[in-house]
Amino acid sequence: MTKIIRSAIAFFGVVLLAIIAFAGWSANKSATDIERTLLENALNQSIAAVLDGQKSVAWWDEAVTNTADGALNLQFADDEFGIFLTETYGNNEIYILDANDTPIYAYVDGARSSPDAYEARRPSLSAVVAEARQGGQGSPLKTRPDEFGRAQTTYKILSRAVKSAQWAGHIVSVGGKPAVVGAITIIPNVDLSLLPGKPKLLVGVNYINDEFISKIARTLLLPDLKLTPEPVEAGGVMSDPFVADDGAQAGYLSWTTRRPGQVLLTIILPLVACAAFATGLLSNHMFRRLKRASDELTQREAKSRHAAKHDALSGLPNRTHMVEVLEERICAPGFGAHGERAIAAYVDIDRFKDINDTLGHEVGDKLIKAVSKRFAAHLRTDDFLARFGGDEFAVLCVSSDRDADTQLAQRIAVALDEPFALDGQTIRVTASVGMAKAPDHGRTADELMRHADIALYEAKSQGRDRAISFSSEMARQVETRRSIEVDLRTAIDREELRIHYQPIVSCRTGAIVGAEALVRWRHPLRGEISPAVFIPIAEASGLMPAVGNWVLGQVFKDAKKWPDLEIALNLSPIQFSQADLEGTLRQLSIEHGVSPSRFVLEITEGVLLEATEETKSVLQSLQAMGFKTALDDFGTGYSSLAYLCNFKFDKIKIDRSFVSNVSNALTSRTIVQSVVSLGRGLGMQIVAEGVETEYEALMMSHFGCTELQGYYFSKPIDSNALEALLENFEPRRVSPVSGPLELEPLELGRTRGATA
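Scoring rules and cut-offs
- Residues numbered from 1 in each chain as written.
- Predicted model: local features only at pLDDT ≥ 70, side-chain atom pairs only at ≥ 80, totals over all residues.
- Heavy atoms only, no water.
- Helix = DSSP H or I, 4+ residues; strand = E, 2+ residues; numbered from the N terminus.
- Buried < 20%, exposed > 50% of the residue type's maximum accessible area, 1.4 Å probe, protein only.
- Contact = heavy atoms within 4.5 Å.
- Areas by Shrake-Rupley, 256 points an atom, 1.4 Å probe, with all protein chains shown as cover.
- Core = buried A, V, L, I, M, F, W, Y, C linked by side-chain atoms within 4.5 Å.
- Salt bridge = Lys/Arg side-chain N within 4 Å of Asp/Glu carboxyl O.
- Pairing = 2+ DSSP bridges.
- Axes fitted to C-alpha atoms, helices over the stretch in contact; angles between N-to-C directions.
- Polar contact = N/O pair within 3.5 Å; in protein donor to acceptor, adjacent residues only side chain to side chain.
- Expected span 1.5 Å × (residues − 1).

K.L.:
Explain the overall build of the protein chain to me, please; I cannot follow it from the model alone.
P.N.:
Across its full length, the protein chain holds 26 helices and 27 strands. Counting only residues that meet the buried cut, the protein chain has 47% of its 756 residues in that class. Here the analysis covers contacts within the protein chain between residues at least 6 apart in sequence; of these, 66% occur between residues at least 24 apart. Here the protein chain has roughly 36600 Å² of accessible surface; of this, 53% comes from carbon and sulfur atoms.

Here's what the structure looks like:
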């Protein structure tokens with residue numbers, strides 16, 4: 001019997017020993033397998049994060065218009081693609097490819113580079129680019145789960161954009177180094193009519209370096225995770241080959257694996273005699289480890305959910321979260337039954353780009369954080385504040401108060417009353433606010449937010465620093481602008497625009513010495529559309545480069561007809577941001593055989609207000625080529641004297657508002673005399689615009705203007721009519737008088753046979 005008991009005890013001891021040994025081995029193996037799975041998931045999430053960063057700038061109406069064929073806005077590309085993706089998302093290289101996958105833009109190692117830099121990377125990136133173009137079909141790269149695509153299914157506002165978008169993300173070897181490469185199409189997020197036949201492609205390269213691996217290590221709680229060229233041979237250290245999706249060997253991922261079964265193998269086995277106690281101790285230990293691992297996974301999942309719905313910089317809810325809350329509020333049963341209204345407000349910090357450009361992106365980021373805190377402190381506790389990106393915030397306010405929108409606008413304004421002190425700088429900012437109410441202005445989140453955006457556009461158009469509520473008239477204006485934009489595209493393609501010329505007369509000789517080129521458009525249904533209407537639309541929609549290039553070509557062609565005339569033409573701020581304005585003008589001069597010295601390039605204050613070093617360089621290059629320059633509409637806006645000193649203009653054009661008031665406003669007369677005196681002192685010619693009467697012509701001549709322009713001499717006319725006018729015009733000297741002007745009115749040059 002004793003032998004049987006002893007045998008049983010021995011048997012159960014051996015069984016217990018085997019069970020403990022097997023449990024220890026199994027626990028170690030399971031922990032290692034889990035760590036490998038988590039590591040692979042972390043790499044997939046890193047790829048999704050790179051694509052998510054690219055999406056924030058690629059799925060955007062302005063991204064489409066500012067990268068249009070032949071109209072690449074380099075300043076926009078630097079700010080929104082190069083600097084933003086480099087500093088915010090850590091991209092090392094950014095490329096933009098056209099519809100034929102030809103590079104048109106490159107930003108490498110923190111600076112704009114030649115697009116040809118892409119050619120050195122094409123062999124490494126071509127497979128990812130091809131997969132993005134073909135929707136993943138037939139790709140030679142390793143298949144990965146589309147974590148980024150899965151996250152896009154929750155969108156409602158962007159659902160239309162998602163359907164037309166394509167993307168691909170992989171880990172490949174670039175220049176011998178492993179990198180996360182993302183490629184995503186550049187498409188509009190609101191106005192899908194902007195979508196070209198085949199969209200451009202944004203390609204980003206994020207090298208997998210020590211910093212990249214450290215982020216994954218912190219996420220997985222593997223503090224010693226590292227990428228090594230050779231496997232690490234040490235006890236308890238795992239070294240798995242790290243193979244890129246294109247099959248390239250990128251090294252080894254090494255880390256100290258957790259060995260929960262080690263306790264069993266090293267402690268419990270020697271204490272088989274205390275099997276019951278050891279088993280209980282082991283069970284308790286294992287349950288605690290499992291609970292701790294479960295808690296860590298739960299916390300990690302909660303952080304991921306929070307990150308998906310919140311802005312990384314400010315910590316505020318993001319657009320996705322805002323849409324969800326707005327949809328939930330306005331679709332709730334019984335909403336509006338007691339007079340409740342949901343107010344969606346879009347808030348833009350005015351001229352935030354200027355702050356970024358002058359003080360740097362670091363100060364800009366600090367300002368965004370400070371503004372976020374200020375808004376949160378001044379809004380009601382039940383107001384929902386979100387940040388959509390850049391300088392754009394949104395507020396959701398639910399109230400039954402009829403003046404709730406006015407009160408919300410006041411809370412936002414009061415929040416910005418006090419200046420911000422950042423890095424020794426005192427910064428004052430204002431905000432433009434656009435608001436829309438549900439159900440009055442929409443019954444869906446999509447409709448309400450679109451109308452709030454329209455109201456914001458109107459607030460900016462009216463001069464910024466104001467709050468505007470949506471109205472149906474705004475929607476009609478937007479529809480009209482959109483209709484004009486569509487018709488303008490057709491007019492450009494069919495060359496339906498025309499150039500008219502308004503003569504410029506010399507005060508000294510009375511002869512026509514020049515003409516200003518003015519673009520005109522007669523719409524087949526709307527009739528003559530003022531340039532004041534269609535030029536801003538062309539600038540906002542990305543059509544200005546096409547309009548500007550057509551005007552330049554036509555003016556240079558016409559200029560050959562009048563070899564003795566100076567031709568003045570306007571350059572918009574958009575044209576100054578073109579890729580090669582100097583090259584275009586130089587080519588036109590050579591092609592048509594006309595000297596640059598015959599042209600006066602009129603530049604508005606808008607160009608100088610936003611002047612960068614590149615703008616100054618372009619202006620100096622044009623002057624060096626022989627083009628003359630004129631400061632247009634001087635006397636309006638800021639009219640800074642620094643412009644006259646810094647840019648060395650050949651002419652100053654006095655705005656027509658001062659000319660028309662010179663007969664009855666002493667202030668206008670004094671301003672004109674001051675401008676003339678200043679300009680003549682700096683060796684510049686003075687041109688008075690808008691001269692409509694003989695008296696105005698005499699006064700302008702008397703004050704010292706050198707040239708006159710206006711309806712008194714001729715309205716803007718086409719090139720054929722200008723040729724006829726030049727043949728019939730009788731020059732008469734327009735001289736300044738020494739006595740009172742009313743003593744002896746002078747005859748001015750005009751067309752033979754014309755009456756006063």
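K.L.:
Sorry if this is basic, but what is going on with the nonpolar core here?
P.N.:
Within soluble globular proteins, side chains that are nonpolar generally end up buried alongside one another. Formed by 74 residues in total, the largest nonpolar core has its most connected members in Ile 567 and Met 700. Per-element accounting of this core gives the leading share, 8 residues, to helix α17 (residues 544-559). Not counting residues up to four positions away in its chain, the partners in contact with Met 700 are Val 659, Val 662, Val 672, Ala 688, Val 691, Cys 705 and Leu 708. Counting residues in hydrophobic clusters, the runner-up holds 48 residues, among them Ala 48, Leu 74, Val 162 and Ala 165.

K.L.:
Explain the pattern of salt bridges to me, please; I cannot follow it from the model alone.
P.N.:
Under the definition given, this model contains 34 salt bridges. One salt bridge connects Glu 40 with Lys 142, and the closest N-O pair in it is separated by 3.3 Å. Taken together, the residues span a long stretch of sequence, with Glu 40 in helix α1 (residues 2-58) and Lys 142 in the loop between α4 (122-134) and α5 (147-151) at a distance of 102 residues. Given the relative accessible area of 37%, Lys 142 is considered partly exposed. Linking Asp 52 and Lys 55 is a salt bridge whose minimum nitrogen-to-oxygen distance equals 3.2 Å.

K.L.:
Would you explain the pairing of strand β23 (residues 651-654) in this entry?
P.N.:
Regular strands place their side chains on alternate faces of the sheet. Because side chains alternate across β23, one face comprises the buried residues Lys 651 and Lys 653, and the other comprises Ile 652 and Ile 654, equally buried. Sheet analysis places strand β22 (residues 628-634) next to β23, joined by 3 bridges and oriented parallel. Each residue of the ladder has a partner; that of Leu 631, found in β23, is Ile 652. Examined bridge by bridge, β23 and strand β24 (residues 685-688) share 4 bridges and lie parallel to one another. Note on β24: the bridge partner recorded for Ile 654 is Ala 688.

K.L.:
Please explain the sheet that holds strand β9 (residues 249-256) as it appears in this structure.
P.N.:
As a general point, the strands of a sheet are linked pairwise by backbone hydrogen bonds and lie either parallel or antiparallel. As summarised here, the arrangement of the 3 strands in space is β7-β9-β8, forming an open sheet in which the pairing is antiparallel. Pairing within the sheet leaves two strands with one partner each, and these edge strands are β7 (226-228) and β8 (237-243). Taking each pair of neighbouring strands and ignoring which way they run, the sheet shows an average axis angle of 35°. Pairing between β8 and β9: 6 bridges, direction antiparallel.

K.L.:
So what exactly am I meant to see when it comes to the side chain of Lys 200 here?
P.N.:
Its location among the elements puts Lys 200 in the loop between β5 (177-185) and β6 (201-207). Looking at Lys 200, its side chain comes within polar contact range of the side chain of Asp 69, at 2.7 Å. Residue contacts for Lys 200: discarding those within four places in its chain leaves Thr 67, Ala 68, Asp 69, Ile 96, Leu 97, Asp 98, Ile 104, Arg 133, Ile 184, Thr 185 and Ile 186.

K.L.:
What exactly am I supposed to notice about helix α19 (residues 581-592) here?
P.N.:
One full turn of an α-helix is made of 3.6 residues, so residues set three or four places apart face in the same direction. Spanning 12 residues, α19 covers 17 Å between terminal C-alpha atoms, matching the ideal 16 Å at 1.5 Å per step. Restricting attention to buried positions, one finds in α19 the residues Leu 581, Glu 582, Gly 583, Leu 585, Leu 588, Ser 589 and His 592. Buried residues in α19 make contact with α17, β20 (566-571), α18 (573-576), β21 (599-603) and α21 (613-625). Measuring from the side-chain oxygen of the N-cap residue of α19 to the backbone nitrogen of Gly 583 gives 2.9 Å; that N-cap residue is Asp 580. With its phi angle positive at about 65°, Gly 593 sits one or two positions after the end of α19.

Note that every value here comes from positions in space, so none of it alone points to a role or purpose.
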